[in-house]
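# An overview of the molecular structure
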Amino acid sequence: MSVSTAAADQSLCTPLPVLGRDVTVPLVTGGEVTYAALDYAASAPALQRVWDDVAAYAPYYGSVHRGAGYLSQLSTDLFENARRTVAEFLGCRAGDQVVFTRSTTDSLNLLARAIPAGCQVFVFETEHHASLLPWQHADVTYLDAPRTPGRAVQILERALADRDPHGPALVCVTGASNVTGELWPVRELAAAAHAHGARIVLDAAQLAPHHPVSVADLDVDWIAFSGHKLYAPFGSGVLAGRADWLQAAEPYLAGGGASRRVTRREDGGVAVEWHETAARHEAGSPNVIGAYAIAAACKALTEAGWDTLVAREQHLIAKVRAGLAEVPEVRVLSLFGDDAPRVGVLSFVVDGWNSSHFAAALSAEYGIGVRDGLFCAHPLVRTLLGSDPQTQGECGAPEAAPGEKSLNAIRVSFGAGTPDEHVDRFVNAVRELVRDGAKWQYRTEEGRCVPAV
């Protein structure tokens, strides 16, 4: 083996350092084990680099855009440099704005407030609730779940062809499913939207931590994502893209920072001149820690190299899929089919098990953290599980409406900080639970399955 090949293989096997990688947790069966965090799709652990950068800045924390003192000026520069770093990370075009928000949900609700009057919105029922629900006060069309990427483009084209061609329109689509991990044909959907005079916003919450994402290359109008899924869990998010609708809209929040000039009117009220920059939608004291953390994560991922990160994740995905395929009782959920490209997110069900019970056993008996439920994507999960009833009354089984099946699934998700050992332990645990059953008794407490004491 050549030196260069050995180095490449070593980099493929080395996860990025993350906070909490040495945390141990107790097992109900006795002893402790290093915690296997396999719920990255909910919140990824902080990169050690992000934590170190934030810790180094923390003593210099000061007000942003509001002070003449050294720390205030330093914090303001850091905040605006973070904006530029994110713009570069996202491949933003000249004139695009980067608005710091609280999360993907906040970003898409901001955009929903900024769409012009009469705007028609098109969104697939397969979206996460963050991108499915903000448009309810608009003229919204919910599109049926497609079963292939090509079919997704066809459904959108047909819906757009039937719309009023004279008014504004917006398409909202995910980049990677938070349920199946499957990649959506974003570039093709963007082309379809623009061909029919519509704009498109990309929910990149699950895509940005796993793949390079570019506003320009994908030809989307906006991108939204969350810091806490990008290894920067400090309460910040991003909406980046075209400035015109954002500049024309009333501020998302009214207050200091969004206003450029406020005066009293003769009638006793106040007149407000709002900023036209990103500050228009960033009222209040900015979350400089959150913005800086996102910028630090963007730099760390870029410096690690996307080719290396993607190759290593595909290696982990192959391990998980091969391991689950050896257990006949396991069914991995898929919208586009087994061969569809995906990020490190997989959901599955196990014959003879309620998913909450299975997830509880993984945690209590093996120290493995996964997610169970409907993953804030209820219409999609219900579509995927429509033929799989689960026994009601079993430990942790979710309540169902009369005549409705009790449905939930298990989700395992991982990323740049996941070591091979965590994936191997997960696969072995699934095999053992299916073969031997749980070693402990469990009960339902406040709707969740927990170990009985």
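Since the model is a prediction, treat every value here as computed from it, not as a measurement.

## Concerning the overall build of the protein chain
A count of helical and extended segments in the protein chain gives 14 helices and 19 strands. Seen along its three principal axes, the alpha-carbon backbone of the protein chain occupies a region of about 80 × 55 × 55 Å. Buried positions account for 53% of the 453 residues belonging to the protein chain. The contacts in the protein chain between residues at least 6 apart in sequence include a share of 71% that link residues at least 24 apart.

## Thoughts on the pattern of salt bridges
In this structure the tally under the stated criterion is 21 salt bridges. Residue lysine 319 pairs with aspartate 424 through a salt bridge whose shortest N-O separation is 2.9 Å. Highlighted residues: lysine 319 in helix α11 (residues 306-325) and aspartate 424 in helix α14 (residues 420-436), separated in sequence by 105 residues. For aspartate 372, the salt bridge goes to arginine 448, with nearest N and O atoms at 2.7 Å.

## What to know about the packing of aromatic side chains
By the definition in use, this model includes 12 aromatic pairs. On the basis of an interplanar angle of 85° and a centroid distance of 4.9 Å, the ring pair of tryptophan 353 and phenylalanine 358 is categorised as edge-to-face. As far as burial versus exposure is concerned, tryptophan 353 and phenylalanine 358 are alike and both buried. Site record: aromatic cluster; members linked through ring pairs are Phe348, Trp353, Phe358 and Phe426.

## A closer look at empty space enclosed by the protein
One pass over the full model with this rule turns up two cavities of 30 Å³ or more. Around the largest cavity, the lining residues are Tyr40, Ala41, Ala44, Gln206, Pro209, His210, Lys229, Tyr231, Gly344, Val345, Ser413 and Phe414. For the lining of the second largest cavity, the residue count by class is three nonpolar, four polar and one charged.

## So, a nonpolar patch on the surface
Judged by side-chain polarity, Tyr60, Tyr70 and Leu71 come together as a nonpolar surface patch covering roughly 340 Å² of accessible area. Note on placement: tyrosine 70 falls in helix α3 (residues 70-89).

## Quick word on the sheet that holds strand β13 (residues 330-332)
Strand pairing in a sheet relies on backbone hydrogen bonds. The paired strands run either parallel or antiparallel. The sheet built from four strands is open, its strands ordered β13-β14-β17-β16 with antiparallel pairing. Taken across any chain shown, the strands that pair with only one partner, and hence form the sheet edges, are β13 and β16 (371-373). Recorded for the sheet is a direction-independent mean angle of 30° between the axes of neighbouring strands. Sheet topology note: the β13/strand β14 (residues 345-350) ladder contains three bridges and is antiparallel. Across the sheet, residue arginine 331 finds its bridge partner in β14, namely valine 349. Helix α12 (residues 355-366) rests against β14, β16 and β17 (409-413) of the sheet, and its axis sits at about 115° to β14.

## Topic: the confidence of the model for the protein chain
Confidence in the prediction for the protein chain averages 92 pLDDT; 93% of positions are at 70 or higher. Below pLDDT 50 for its whole length, residues 388-393 participates in 16 contacts with residues either more than four positions away or in separate chains.

## Quick look at α12
For the α-helix, the turn length of 3.6 residues means that residues three or four positions removed from each other point alike. Its 12 residues place the ends of α12 16 Å apart at the C-alpha level, agreeing with the 16 Å of an ideal helix rising 1.5 Å per residue. Of all the 12 residues making up α12, 11 are buried; the element is thus mostly covered by neighbouring parts of the structure. Burial in α12 covers these residues: Ser355, Ser356, His357, Phe358, Ala359, Ala360, Ala361, Leu362, Ala364, Glu365 and Tyr366. The N-capping residue of α12, defined by a side-chain oxygen 2.9 Å from the backbone nitrogen of serine 356, is asparagine 354. Among the residues trailing α12, glycine 367 stands out with phi positive, at a value near 70°.

## Focus: the pairing of strand β7 (residues 169-174)
Across the six residues that make up β7, a large majority, six, are buried. Burial along β7 is two-sided: the residues Ala169, Val171 and Val173 and Leu170, Cys172 and Thr174 are all buried. Two elements, β7 and strand β8 (residues 199-203), share five bridges in a ladder whose sense is parallel. Considered in β8, the bridge of leucine 170 is made with arginine 199. In the classification by handedness, the crossover that spans β7, the intervening helix α7 (residues 186-195) and the parallel β8 is right-handed.

Conventions and cut-offs
Residues numbered from 1 in each chain as written. Predicted model: local features only at pLDDT ≥ 70, side-chain atom pairs only at ≥ 80, totals over all residues. Heavy atoms only, no water. Helix = DSSP H or I, 4+ residues; strand = E, 2+ residues; numbered from the N terminus. Buried < 20%, exposed > 50% of the residue type's maximum accessible area, 1.4 Å probe, protein only. Contact = heavy atoms within 4.5 Å. Salt bridge = Lys/Arg side-chain N within 4 Å of Asp/Glu carboxyl O. Phe/Tyr/Trp six-rings, centres within 6.5 Å; stacked < 30°, edge-to-face > 60°. 1 Å grid on protein atoms, 1.4 Å probe; cavity = no way out; pocket = protein on both sides within 12 Å on 5 of 7 lines; lining within 4 Å. Points joined across faces, edges and corners; volume = space filled by probe spheres on them. Nonpolar A, V, L, I, M, F, W, Y, C, P; charged D, E, K, R; others polar. Patch = residues over 30% accessible without salt bridge, like charges linked within 9 Å, V, L, I, M, F, W, Y side chains within 5 Å. Areas by Shrake-Rupley, 256 points an atom, 1.4 Å probe, with all protein chains shown as cover. Pairing = 2+ DSSP bridges. Axes fitted to C-alpha atoms, helices over the stretch in contact; angles between N-to-C directions. pLDDT = per-residue confidence, 0-100. Expected span 1.5 Å × (residues − 1). Polar contact = N/O pair within 3.5 Å; in protein donor to acceptor, adjacent residues only side chain to side chain. Right-handed = clockwise from strand over helix to strand, strands pointing away.

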